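For reference, the chains in residue letters:
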Amino acid sequence: MIDFEPTPTQKQILSAAREFGKSVVHPAETTLDRMADPNQVHTSDLFWKVMGLAFELGFPKMALPESFGGMGLDAQTTGMVWEEIARWGPGFATSMISGSIVPQLIGFLAPDNRELVDRFVIPFCEDNTGRHISAWCSSEPEVGSDGKNYHDLRVRHHTRAVKRDGRYVISGAKSDFPSNGGIADAFIVFACIDPALGIRGSGTFVVPADAAGLKKGEALDKIGLRVLNQSAVFFDDVEIPESYLIFPCGDDYPTLHNAIITVGNLAVGHTAVGIMRAAYEYALDHAKKRVQGGKPIAEHQLVAKRLLTCFQTIESARALLWKGGWLSARNFPGDLKTSIAAKIYATEQAVVRTTEMMEIFGAYGMSKEYPVEKYVRDAKLLTVMDGTNDTLLIKAASLL
Ligand SMILES: Cc1cc2nc3c(=O)[nH]c(=O)nc-3n(C[C@H](O)[C@H](O)[C@H](O)COP(=O)(O)OP(=O)(O)OC[C@H]3O[C@@H](n4cnc5c(N)ncnc54)[C@H](O)[C@@H]3O)c2cc1C
């Protein structure tokens with residue numbers, strides 16, 4: 001049952017991801033990360049050139065069904081690819097991972113809705129400019145972790161959706177954090193339809209970015225993942241057809257959120273492994289070349305211990321993520337507690353291990369001349385992405 005040998009298809013796609021990551025993503029991510037104004041990153045030709053190439057190679061549409069023009073790959077395979085791309089550019093990887101949410105959810109929840117498929121899924125698969133990237137809007141200024149805490153049924157002032165003349169009118173605002181919020185072409189929006197039902201009163205809508213009344217905020221200026229755009233999204237009486245509600249409010253609503261977390265947490269975990277790997281491979285190379293005390297520092301026992309611990313962590317985090325991917329491929333969306341456990345482990349370890357790898361460079365590690373400081377900054381954001389590790393832990397522990 002357990003086989004660590006990638007299949008010929010997996011080897012082929014991984015080799016393409018490695019080549020793309022090394023030669024295209026890595027140099028672009030390094031340049032874009034250094035731009036002082038985060039808005040500039042996404043107005044630059046460089047960002048869209050790389051995103052367009054990623055679409056041409058098919059990575060953002062890997063998990064979409066072949067019938068829509070995707071590759072129909074399973075969670076284990078897509079996880080391997082996200083790790084590889086994140087190893088070279090975690091900002092691009094997280095933007096691509098979040099960017100397929102609209103076609104992904106339409107494909108899953110409303111595959112027979114021709115209007116939605118033609119308007120959002122087919123262009124995503126056929127137009128290789130990368131401009132059809134999407135975002136999902138859950139968190140709000142007053143609803144962060146609570147947006148996913150289904151044990152708390154207090155009525156909150158969510159973004160609201162009111163039915164009027166056969167259409168929904170959405171009003172409110174999302175937090176500064178939706179990934180791709182400022183650059184998306186379409187959004188998944190969670191909005192309250194029936195406040196009396198508390199968190200179960202929310203429904204899930206598809207909203208095109210060009211809808212009248214929708215406004216995108218400025219790009220968030222962050223310590224890490226600077227290539228991933230994060231921006232607020234505002235809704236000022238945004239009207240959409242009734243058929244753009246793809247998941248109604250009710251008792252099943254938490255199930256949908258949990259399904260998104262089950263899949264999303266694995267992707268965030270794979271990103272963390274990619275970042276750890278980048279720091280480890282770079283530090284190992286340095287430690288074999290840098291001579292102090294008459295020998296390469298890799299031969300000093302305390303440096304060797306740091307390297308081996310990082311290697312162990314990468315292997316064990318990846319193994320747990322693969323288990324989560326295997327569960328997802330076997331019975332979609334998979335097992336929530338395994339996905340969360342894998343995400344928490346990989347992201348927490350990424351913060352610890354990248355810092356340790358930085359140590360191996362001594363003072364050089366603190367310099368922006370060396371890439372290792374970027375890995376430390378990027379790793380930190382992942383402990384909050386797709387839910388804070390603390391709130392995720394509480395949720396997973398309740399499922400033991
Ligand atoms: C890189 C990144 C990408 C993101 N992408 C998206 C996206 O695409 N779409 C989107 O909608 N949002 C996105 N987010 C937002 C993210 O989902 C929220 O930041 C997260 O859910 C936490 O909400 P908050 O920031 O408001 O923190 P809060 O909920 O205010 O939490 C603050 C602190 O309190 C703790 N806390 C809160 N509640 C509890 C509790 N019940 N028990 C114990 N401790 C608790 C938390 O663990 C945390 O330490 C992203 C965030 C990041 C960092």
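Here we summarise the structure given alongside this text. (Residues numbered from 1 in each chain as written. Predicted model: local features only at pLDDT ≥ 70, side-chain atom pairs only at ≥ 80, totals over all residues. Heavy atoms only, no water.)

1. Some thoughts on the site of the ligand
Reasoning step 1: Near the ligand you find 18 residues, and of these W136, S138, S139, S145 and T388 are the closest.
Reasoning step 2: T388 places a side-chain nitrogen or oxygen 2.7 Å from an oxygen atom of the ligand.
Reasoning step 3: For the ligand, the accessible surface in isolation is 980 Å², of which the surrounding protein chains cover 69%.
Reasoning step 4: Here the shell around the ligand takes three residues from helix 12 (residues 389-397), the largest share from any one element.
Reasoning step 5: The class makeup of the residues in the shell around the ligand is eight nonpolar, eight polar and two charged.
Reasoning step 6: Composition of the shell around the ligand by domain shows at least three residues from each of domain 2 (134-247) and domain 3 (253-397). (Near = heavy atom within 4 Å. Polar contact = N/O pair within 3.5 Å; in protein donor to acceptor, adjacent residues only side chain to side chain. Areas by Shrake-Rupley, 256 points an atom, 1.4 Å probe, with all protein chains shown as cover. Helix = DSSP H or I, 4+ residues; strand = E, 2+ residues; numbered from the N terminus. Nonpolar A, V, L, I, M, F, W, Y, C, P; charged D, E, K, R; others polar. Domains from an automatic or database assignment.)

2. Let's talk about the environment of A278
Reasoning step 1: On the secondary structure map, A278 appears in helix 8 (residues 253-289).
Reasoning step 2: Expressed as a C-alpha distance, the spacing of A278 and M357, which sit 79 residues apart in the sequence, is 9.8 Å.

3. Things to note about helix 12
Reasoning step 1: For helix 12, the full list of buried residues reads N389, L392, K395 and A396. Taken around the axis of helix 12, the buried residues stretch over an arc of 120°, which confines them to a single face. Exposed side chains of helix 12 directed beyond 90 degrees from the buried face belong to D390 and I394.
Reasoning step 2: Residues of helix 12 that are buried in the fold lie against helix 8 and helix 10 (336-359). (Buried < 20%, exposed > 50% of the residue type's maximum accessible area, 1.4 Å probe, protein only. Arc of directions from axis to C-beta. Contact = heavy atoms within 4.5 Å.)

4. Digging into the side chain of E29
Reasoning step 1: Following the sequence through the fold, E29 ends up in helix 1 (residues 8-33).
Reasoning step 2: Among the polar contacts made by the side chain of E29, one reaches the main-chain amide nitrogen of F92 at a distance of 3.1 Å.

5. A few points about the packing of aromatic side chains
Reasoning step 1: All chains considered together, the criterion is met by 14 aromatic pairs.
Reasoning step 2: Pairing F120 with Y244 gives two aromatic rings, centres 5.9 Å apart and planes at 80°, and the pair type is edge-to-face. Of this pair, F120 sits in helix 7 (residues 114-126) while Y244 sits in the loop between strand 7 (231-241) and strand 8 (245-247); the two residues are 124 residues apart in sequence, bridging distant segments of the chain.
Reasoning step 3: The class of F120 is buried, set by a relative accessible area of 8%.
Reasoning step 4: Its relative accessible area of 1% is what places Y244 among the buried residues.
Reasoning step 5: Each ring, one from Y280 and one from F311, has its centre 6.3 Å from the other, and the planes form 40°; the classification is tilted. Of this pair, Y280 sits in helix 8 while F311 sits in helix 9 (residues 301-330), placing them 31 residues apart in sequence.
Reasoning step 6: You can call Y280 buried: its relative accessible area is 15%.
Reasoning step 7: For F311, a relative accessible area of 38% puts it in the partly exposed group.
Reasoning step 8: One aromatic cluster in this structure is built from Y282, F361, Y364 and Y370. (Phe/Tyr/Trp six-rings, centres within 6.5 Å; stacked < 30°, edge-to-face > 60°.)

6. A few points about the side chain of K61
Reasoning step 1: Counting through the fold element by element, K61 comes out in the loop between helix 3 (45-57) and helix 4 (75-88).
Reasoning step 2: Put simply, K61 is tucked away with no salt bridge, and the nearest opposite charge, on D127, sits 8.1 Å away. (Lys, Arg positive; Asp, Glu negative; His and termini not counted. Salt bridge = Lys/Arg side-chain N within 4 Å of Asp/Glu carboxyl O.)

7. Concerning the packing of helix 10 against helix 12
Reasoning step 1: Running from N to C, helix 10 and helix 12 cross one another at 150°; their axes reach a closest spacing of 9 Å. Between helix 10 and helix 12, the crossing angle belongs to the class labelled roughly antiparallel. Helix-helix and strand crossings are classified by hand; for helix 10 and helix 12 the assignment is left-handed. Where helix 10 approaches helix 12, its residues L336, K337, I340, K343, I344, T347 and E348 are matched on the opposing element by N389, L392, L393, K395 and A396.
Reasoning step 2: Counted by class, the contact of helix 10 with helix 12 contains six nonpolar, two polar and four charged residues. (Axes fitted to C-alpha atoms, helices over the stretch in contact; angles between N-to-C directions. Parallel < 35°, antiparallel > 145°, perpendicular 65-115°, else oblique. Left-handed = near helix turned anticlockwise from the far one by under 90°.)

8. Examining the pattern of salt bridges
Reasoning step 1: Applying the stated criterion across every chain yields a total of 22 salt bridges.
Reasoning step 2: The partner of R318 in a salt bridge is E83, with the nearest N and O atoms 2.8 Å apart. Of the two residues, R318 is situated in helix 9 and E83 in helix 4; the sequence distance between them amounts to 235 residues.
Reasoning step 3: What makes R318 buried here is its relative accessible area of 14%.
Reasoning step 4: Here R318 and E315 are joined by a salt bridge, their closest N and O atoms 3.3 Å apart. Placement of both R318 and E315 in helix 9 is noted, with a separation of three residues, approximately one turn of the helix.

9. A few points about the environment of G144
Reasoning step 1: Position of G144 among the secondary structure elements: in the loop between strand 1 (134-137) and strand 2 (160-164).
Reasoning step 2: When the C-alpha positions of G144 and V238 are compared, they lie 23 Å apart, and in sequence the two are 94 residues distant.

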